[in-house]
Amino acid sequence: MRTLEELDLIGTRVLLRVDINSPIDPTTGLIADETRLDKSLPTIRDLAEGGARVTIIAHQGDTLDYHNLVTLREHAAKLSDKLGRPVGFIDDVAGPAARERIDGLGDGDILLLDNLRFLTEEVSTFESAVKLTPAEMTETYLVRNLAPLFDVYVNDAFAAAHRNAPSMVAFQEVLPTAGGRLLAAEVAALSSVADEPSRPCRFVLGGLKISDAFSMLRRVLSEGIADEVLTTGVVGQVFLLASGVHLGEGSERFIADRSLDMFVPEAAEHLETFPDRIRLPLDVAVERDGKRIDICVDDLPVPEPIIDIGPATMAEYEDAIATAATVFVNGPAGVYERDIGAAGTRSLWGAVAASPATSVIGGGDTVSSAGRFIDTEQIDFVSTGGGALIRYLSGEPLPLLVAMGIGPADGEG
Ligand code: 3PG
């Protein structure tokens, strides 16, 4: 992948794709988390300071995420504050008004166009219904209108790498292309986990989004990426069920109501194939009469739903994290939003922060649970990716990486 260093920047018209898709506060309508804006700054700054004429394109929200489908005006104002230089904005994506503003940019100027997902071609329901190849996407409204106005396309949007959208994969067909700083850092950090992790490499998988955990499990176990997987949260409960433990009415109903019991046979298969590489909780916690009660797994079932891992599990997992050389964490250990269910998540994050291991985390829930208990600066790499990160670690081809020439196409790897 070509890097920014290889570009001649002065006077160059650069089209930069970033991922600044951010949660929007439903009450105020304002940006609620600025992490992705912050992570996009180095590339924008380096391009502008190098004298390029920078036009930024980005998406916000989606059809199924309609509450977040808002204009990027506030994003431009925030980028401007953070960079300490003006970031222009136009409420047009690729129409005549946008093109006129792009034409008027001088060296070092920055312009943000409006939300790409105001264009049908860029929403994910279009992607799944109309399956265009990158070459076919060069005929889309976006690419036809913007490509002729630029000398170079730079992509720095790792968090959207799983999207096969024109803004992500088609400009590479018609313009010289480079990867931005964040894209390079994400790929380097994630390949350090997936390709050549320092040993022992331990994955801590928990939380409620257990489809994410199961997408990764097969590959990381069968390809020997993870020497061990420590299971927590609902992932741990599904593995306990698969090992024949009867959890009790509350937890089993919770799991069945969300159809998460469909993962039990797959968990059982993993336990049979990799009996020494998957750790299960030794004890769990429930809420009884408003108090936290820790219960050894041998003493299950209990009627109350499980809300956390127990102290024996915490001690064992803390030790496993302290003696790992690589740790990847996805998902909290319990209902960390409530004090009564927070001890397990707190202990694991404390162990990750203190461990000499290279630590990599990602995913919205995971990062916000870490931020509640530790300074995330203590983590070696916090990925901006959610879906993109899971797919990367699951070994699924990512359309962006294929388009940038740094990932295997479908069926190749
Ligand atoms: C994300 O938040 O995962 C990325 O910005 C991609 O967003 P999307 O899932 O709406 O395509």
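In what follows, the structure referred to is the one given above.
Residues numbered from 1 in each chain as written. Predicted model: local features only at pLDDT ≥ 70, side-chain atom pairs only at ≥ 80, totals over all residues. Heavy atoms only, no water.

Please clarify how unusual backbone geometry should be interpreted in this entry.
Of all residues except glycine, most have a negative phi; of all peptide bonds, most are trans. Cis peptide bonds are those with omega within 30 degrees of zero, and the linkage from R199 to P200 qualifies with -5°. With respect to the element layout, P200 can be found in the loop between α9 (181-194) and β7 (201-205). Backbone geometry at S259 places phi at a positive 60°, although glycine is not the residue there. Turning to its location among the elements, S259 is positioned in the loop between α12 (249-257) and α13 (264-273). Here S259 falls in the partly exposed class, since its relative accessible area comes to 41%. (Helix = DSSP H or I, 4+ residues; strand = E, 2+ residues; numbered from the N terminus. Buried < 20%, exposed > 50% of the residue type's maximum accessible area, 1.4 Å probe, protein only.)

Whenever I open this one, the environment of A170 confuses me. Can you help?
Checked against the element boundaries, A170 lands in the loop between α7 (166-169) and α8 (171-174). Residue classification places A170 among the buried positions, given a relative accessible area of 0%. Each C-alpha atom of the pair A170 and L142 lies 9.7 Å from the other, and the pair is 28 residues apart in sequence. A170 has contacts with P134, M137, T138, V143 and A165, leaving out every residue within four places of it along the chain. (Contact = heavy atoms within 4.5 Å.)

So what exactly am I meant to see when it comes to the pattern of salt bridges here?
Working definition: two side chains of opposite charge can pair if their charged atoms are close together. Counted by the stated rule, this structure contains 24 salt bridges. Notably, a salt bridge pairs R53 with D107, separated by 2.7 Å at the nearest N-O pair. Here R53 is found in strand β2 (residues 53-57), whereas its partner D107 is found in the loop between α3 (96-103) and β4 (110-113), with 54 residues between them in sequence. Judged by relative accessible area, D107 falls into the partly exposed class, the value being 43%. Across the pair R292 and D308 runs a salt bridge whose closest N-O atoms are separated by 2.8 Å. With R292 in strand β11 (residues 291-296) and D308 in strand β12 (residues 306-309), this residue pair connects regions lying 16 residues apart in the sequence. Using a relative accessible area of 25% as the deciding quantity, one classes R292 as partly exposed. Counted as one network, the salt bridges with shared partners bring together E34, D38, E74, K78 and K82. (Salt bridge = Lys/Arg side-chain N within 4 Å of Asp/Glu carboxyl O.)

Before we go on, may I ask you to explain the environment of R292 in this structure?
Residues R292 and A135, 157 residues apart in the sequence, show an inter-C-alpha distance of 58 Å. Setting aside anything within four residues of it in sequence, one finds R292 in contact with A285, V286, D308, I309, G310, M314, I340, G341, A342 and A343. Engagement of the side chain of R292 in a polar contact is seen with the side chain of D294, the distance being 3.3 Å. Side-chain polar atoms of R292 contact the side chain of D308, separated by 2.8 Å. (Polar contact = N/O pair within 3.5 Å; in protein donor to acceptor, adjacent residues only side chain to side chain.)

How should I be thinking about the packing of helix α10 (residues 210-222) against helix α11 (residues 233-242) in this particular structure?
Two numbers describe a pair of packed helices, the interaxial angle and the distance between the axes. It is at 9 Å that the axes of α10 and α11 come closest, and there the two elements cross at 65°. Taken together, α10 and α11 sit at an angle that is classed as roughly perpendicular. Crossing handedness for the pair α10 and α11: right-handed. From α10, I210, A213, F214 and L217 reach across to α11, where they touch V234, V235, V238 and F239. Looking at the contact of α10 with α11, its residues break down into eight nonpolar, no polar and no charged. (Axes fitted to C-alpha atoms, helices over the stretch in contact; angles between N-to-C directions. Parallel < 35°, antiparallel > 145°, perpendicular 65-115°, else oblique. Left-handed = near helix turned anticlockwise from the far one by under 90°. Nonpolar A, V, L, I, M, F, W, Y, C, P; charged D, E, K, R; others polar.)

What is the right way to look at the sheet that holds strand β3 (residues 88-90) in this model?
Across a sheet, paired strands are connected by hydrogen bonds in the backbone, their directions being either parallel or antiparallel. The sheet built from six strands is open, its strands ordered β3-β4-β2-β1-β5-β6 with parallel pairing. Each edge of the sheet is formed by a strand with only one pairing partner; in this case those strands are β3 and β6 (177-179). Taking the axes of each pair of neighbouring strands and ignoring which way they run, one obtains an average angle of 25° across the sheet. Relative to β2, strand β1 (residues 13-17) runs parallel, the two sharing five bridges. Across the sheet, residue V14 finds its bridge partner in β2, namely V54. Sheet strands in contact with helix α1 (residues 35-49) are β1, β2, β4 and β5 (152-155), and its direction is about 175° off that of β1. (Pairing = 2+ DSSP bridges.)

Explanation requested: the side chain of R202 in the structure shown.
Note that R202 resides in strand β7. There is a polar contact of 2.7 Å between the side chain of R202 and the backbone oxygen of A320. Those residues in contact with R202, other than ones at most four positions away along the chain, are E228, R279, A320, T323, A324, T326, V327 and F328.

How should the site of the ligand be read in this particular structure?
Around the ligand, the neighbouring residues are D19, N21, R36, H59, D62, R117, A159, H162 and R163. Contact distances for the ligand include 3.0 Å between an oxygen atom and a side-chain N or O atom of N21. H59 has a polar side-chain atom sitting 3.1 Å from an oxygen atom of the ligand. When the ligand is considered free in solution it has 310 Å² of accessible area, and contact with the protein chains removes 82% of it. Taken together, the residues that form the shell around the ligand break down as one nonpolar, three polar and five charged. (Near = heavy atom within 4 Å. Areas by Shrake-Rupley, 256 points an atom, 1.4 Å probe, with all protein chains shown as cover.)

This is a description of form; function is not addressed.
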